[in-house]
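# Fold and geometry: a report
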Amino acid sequence: MTVFDPSAVRLSRRRLLAGAAVTAGAVTAGAFAAAPLWAGPARAAAAKATLAYGSTGYTWAVPFVAEAAGTWAEAGFDLNTMEFESGRDSMQALLAGSADFSASTDTPVVFAVLQGLRPLILVNYSRYSRDMKIVVRKDAGIDPAKPASLKGRRIATRVGTSGQYMLAKYLEFAGLAQSDVEVVDLTPNNMTSALVRGDIDGFAWSSQSAVVAERQSGGRTAVMTQDGLEKFFQSHQLLLTTETVVKEKPELVAGAIKALQAAERRIHADGGWADLIARRIHTPPKDILEATSEFTFQIAFDDRFLDDLVAEAEWAIAAGLAKRPAGDLRALFRGLIVDSPLKAVAPDRVTLT
């Protein structure tokens, strides 16, 4: 894995001045279940924390709303943020010790764990099955209503990402083998232009890219059906941390959960929540609401989440993208889910067996 390079930070750092603070305390990771996660009236100085983001899209809606609505500050944070090109890059900053938290999808986590790294999963705050799309040219002889019609086509994605994993699961959904299509490795910025030129027959990437492709092609693209895909594919949006933070900065762990819980409540209670982040992600509020209509915004850990991590790891190993580690995969990933802080304040949201 590439060593974290501070020069990769794309945007200037942002600060939120906290109006409240958590009480400091030396609480170990195992003590969360017994210790209160939020102090009473007595307040100390604001806890300083750094959060690394992978890109600036609506994937990070919950933590972005937390910033915009001031819930990080209310939870006692003096928050510093960094933004990178991908979730993989932001996770590298976390593992290098340059951040306390990282916003990431599950795919970078799976690859990191298979390489022997140990990012800890603190919050699983949203998930979707249909935000990523298979976009095809209408003149390529592909029937968008028939997934099996992808057979023999050139389909682009970014190898080693959730895009490739979604494509693999879509082919399984279609009853096809991975060898039934030619996978072309392209950066997201090049997928739409390659499709418009006719260099590829389709691509597997975000719904935002699907909109761009339709616009740039003058309406000559279509999106493949996804009815039933949720049984095969689900992507999770996560807040990651490290063992050092859990053990040495328990007030940050408690505050992060409180901040994201408040943001989740805001999203469900306020139909205009997208206005809070529209300028930041350069997307009109109506487009954000439409794109995230397929999202489930709920902080929770369940067996489906663990199943999805294991299934993705098995795919990466079978595809030759990673080597199988020693021991049981399920036990490996279960050991990286830090669920006791959430269980202490919302036990009904933790149903892992």
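Residues numbered from 1 in each chain as written. Predicted model: local features only at pLDDT ≥ 70, side-chain atom pairs only at ≥ 80, totals over all residues. Heavy atoms only, no water.

A word on helix α6 (residues 188-197). Listed as buried for α6 are Met 191, Thr 192, Ala 194 and Leu 195. Each buried residue of α6 lies within a common arc of 165 degrees when the element is viewed along its axis, so the set occupies one face. Among the exposed residues of α6, those oriented more than 90 degrees off its buried face are Asn 189 and Arg 197. Looking at the packing, one finds that the buried side of α6 touches β6 (132-137), β7 (154-157), β9 (202-206), α7 (207-216) and β10 (221-223). Phi turns positive one or two residues past the end of α6, at Gly 198, with a value near 90 degrees. (Buried < 20%, exposed > 50% of the residue type's maximum accessible area, 1.4 Å probe, protein only. Helix = DSSP H or I, 4+ residues; strand = E, 2+ residues; numbered from the N terminus. Arc of directions from axis to C-beta. Contact = heavy atoms within 4.5 Å.)

The next thing to look at is the packing of aromatic side chains. Summed over the entire model, instances satisfying the criterion amount to 13 aromatic pairs. Centroid distance Trp 72 to Phe 77: 5.1 Å. Interplanar angle 80 degrees. Geometry classified as edge-to-face. Relative accessible area serves as the criterion here: at 0%, Trp 72 is assigned to the buried category. Residue Phe 77 is classed as buried on the basis of its relative accessible area, which comes to 1%. With 5.0 Å between their ring centres and 50 degrees between their planes, Tyr 165 and Trp 315 make a pair best called tilted. (Phe/Tyr/Trp six-rings, centres within 6.5 Å; stacked < 30°, edge-to-face > 60°.)

Attention now moves to the confidence of the model for the protein. Across the protein, the average pLDDT comes to 87, with 87% of residues at 70 or higher. Of all helices and strands in the protein, the one with the weakest mean pLDDT is strand β1 (residues 14-16) (34), whereas helix α13 (residues 329-334) scores best (98). (pLDDT = per-residue confidence, 0-100.)

The next thing to look at is the pattern of salt bridges. Tallying each qualifying case throughout the model produces 19 salt bridges. Salt-bridge contacts for Glu 243 lead to Arg 118; the nearest nitrogen and oxygen are separated by 2.9 Å. With Glu 243 in helix α8 (residues 243-248) and Arg 118 in the loop between α4 (106-114) and β5 (120-128), the pair connects residues that are 125 residues apart, well separated along the chain. A relative accessible area of 33% places Glu 243 in the partly exposed class. Residue class for Arg 118 comes out partly exposed when judged on its relative accessible area of 40%. Put simply, Glu 182 and Arg 154 hold a salt bridge, and the shortest N to O gap is 2.7 Å. Taken together, the positions of Glu 182 in strand β8 (residues 182-185) and Arg 154 in strand β7 put the pair 28 residues apart, joining distant regions of the chain. Classification of Glu 182 as partly exposed rests on a relative accessible area of 42%. Counted as one network, the salt bridges with shared partners bring together Glu 67, Glu 83 and Arg 280. (Salt bridge = Lys/Arg side-chain N within 4 Å of Asp/Glu carboxyl O.)

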